[in-house]
Amino acid sequence: MEEKKKKQDEKMSRRSFLNKLSAAGITVAGAAVAYTQLKFMKPTVDYGIDKVFRVGKPDKFKTGSVMTLEREKVVIIKADQGFAAISLICTHLGCTVRPSGAGFECPCHGSQFDEFGLNTGGPAPTPLDWYQISLAPNGELEVDKGIIIDMGTYYKA
Ligand code: FES
């Protein structure tokens, strides 16, 4: 009789343990679902770099100077004709081009561009974009990557 009672207690404790384990599993699963639902509600969109940014006052640029903005993927050129903001995004598949000689070269598939961004070799189908430059109210040059202008259109400050 004593043996039977002991086995029954053991069985109950095993049952109790399994119940607690199940409850813990359900709680963990519920918490995981709640976490993913809450995470889903919070936007995770990365809008990246601002399309409009300022690069400084015009008088800080000397004629012939080239300012490469790695983060914005733009090069600012001060030529005799004025300022140009040329994209460093390859028009083939979007790699970042780098200055090479007087122009630019894409490290991915070897496209080449002249100093104006005109595609001169490789698979890039079109020239590099030129972005609009204007003068911000505080007197700084402002580049707008949302507005693509014709190649060779310089901004005169
Ligand atoms: Fe530049 Fe292919 S991405 S050549």
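This text goes with the structure placed above it.
The rules behind these values
- Residues numbered from 1 in each chain as written.
- Predicted model: local features only at pLDDT ≥ 70, side-chain atom pairs only at ≥ 80, totals over all residues.
- Heavy atoms only, no water.
- Patch = residues over 30% accessible without salt bridge, like charges linked within 9 Å, V, L, I, M, F, W, Y side chains within 5 Å.
- Areas by Shrake-Rupley, 256 points an atom, 1.4 Å probe, with all protein chains shown as cover.
- Salt bridge = Lys/Arg side-chain N within 4 Å of Asp/Glu carboxyl O.
- Helix = DSSP H or I, 4+ residues; strand = E, 2+ residues; numbered from the N terminus.
- Buried < 20%, exposed > 50% of the residue type's maximum accessible area, 1.4 Å probe, protein only.
- Polar contact = N/O pair within 3.5 Å; in protein donor to acceptor, adjacent residues only side chain to side chain.
- Contact = heavy atoms within 4.5 Å.
- Phe/Tyr/Trp six-rings, centres within 6.5 Å; stacked < 30°, edge-to-face > 60°.
- Lys NZ or Arg CZ within 6 Å of the ring centre and 35° of its normal.
- Disulfide = S-S within 2.5 Å.
- Pairing = 2+ DSSP bridges.
- Axes fitted to C-alpha atoms, helices over the stretch in contact; angles between N-to-C directions.

Let's talk about a nonpolar patch on the surface
Item 1. Taken together, the side chains of Phe17, Leu18 and Leu21 present a nonpolar region at the surface, about 310 Å² in accessible area.
Item 2. Relative to the helices and strands, phenylalanine 17 resides in helix α1 (residues 2-41).
Item 3. You can call phenylalanine 17 exposed: its relative accessible area is 51%.

Points about the side chain of serine 87
Item 1. Within the secondary structure, serine 87 sits in strand β4 (residues 82-87).
Item 2. Within polar-contact distance, the side chain of serine 87 engages the side chain of tyrosine 131 at 3.3 Å.
Item 3. Apart from the residues within four sequence positions on either side, serine 87 is in contact with Lys73, Leu128, Asp129 and Tyr131.

As for the packing of aromatic side chains
Ring pairs (aromatic) are described by centroid distance and by the angle formed between their planes.
Item 1. Applying the stated rule across the entire model yields two aromatic pairs.
Item 2. Ring centres of phenylalanine 61 and phenylalanine 83 lie 5.4 Å apart, and the angle between their planes is 80°; this geometry places the pair in the edge-to-face category. A residue pair is termed long-range when its members are at least 10 positions apart, and phenylalanine 61 in the loop between β1 (52-56) and β2 (66-69) and phenylalanine 83 in strand β4 qualify at 22 residues.
Item 3. One cation-aromatic arrangement involves lysine 78 over phenylalanine 83; the distance from NZ or CZ to the ring centre is 5.4 Å.

What to know about the state of the cysteines
Item 1. Applying the stated criterion across every chain, the model contains one disulfide.
Item 2. Shown here is the disulfide that connects cysteine 95 with cysteine 108, its sulfur atoms set 1.9 Å apart. Classification of the bridge connecting cysteine 95 and cysteine 108 rests on its S-S torsion, roughly -95°, and on that basis the disulfide is left-handed. Residue cysteine 95 is located in the loop between β4 and β5 (98-100), and its partner cysteine 108 is located in the loop between β6 (103-105) and β7 (112-113); the two are separated by 13 residues in the primary sequence.

Here we look at the sheet that holds β5
Item 1. The strand order across the open sheet formed by four strands is β5-β6-β7-β8, and the pairing between neighbours is antiparallel. Only two strands of the sheet have a single neighbouring strand rather than two, namely β5 and β8 (119-121).

Quick look at the sheet that holds β2
Item 1. If you trace the six strands from one edge of the open sheet to the other, you get β1-β10-β9-β4-β3-β2, paired in antiparallel fashion. The open sheet is flanked by β1 and β2, the only strands paired with a single partner. In this sheet, neighbouring strand axes are inclined to one another by 30° on average, regardless of whether the strands run parallel or antiparallel.
Item 2. Where β2 and strand β3 (residues 74-79) come together, four bridges link them in antiparallel fashion.

Points about the environment of lysine 73
Item 1. Along the chain, lysine 73 falls in the loop between β2 and β3.
Item 2. Given the relative accessible area of 31%, lysine 73 is considered partly exposed.
Item 3. Between the C-alpha atoms of lysine 73 and leucine 88, which are 15 residues apart in sequence, the distance is 5.0 Å.
Item 4. Ignoring any residue separated from it by four or fewer positions in sequence, one finds lysine 73 in contact with Ile86, Ser87, Leu88, Ile89 and Thr96.
Item 5. A distance of 3.2 Å separates the side chain of lysine 73 from the side chain of threonine 96, its partner in a polar contact.

Quick notes on the environment of aspartate 129
Item 1. Position of aspartate 129 among the secondary structure elements: in the loop between β8 and β9 (130-135).
Item 2. For aspartate 129, a relative accessible area of 27% translates into the label partly exposed.
Item 3. For the pair aspartate 129 and aspartate 150, spaced 21 residues apart in sequence, the C-alpha separation works out to 8.1 Å.
Item 4. The contacts of aspartate 129, once residues within four sequence positions are left out, are Ala85, Ile86, Ser87 and Ile148.

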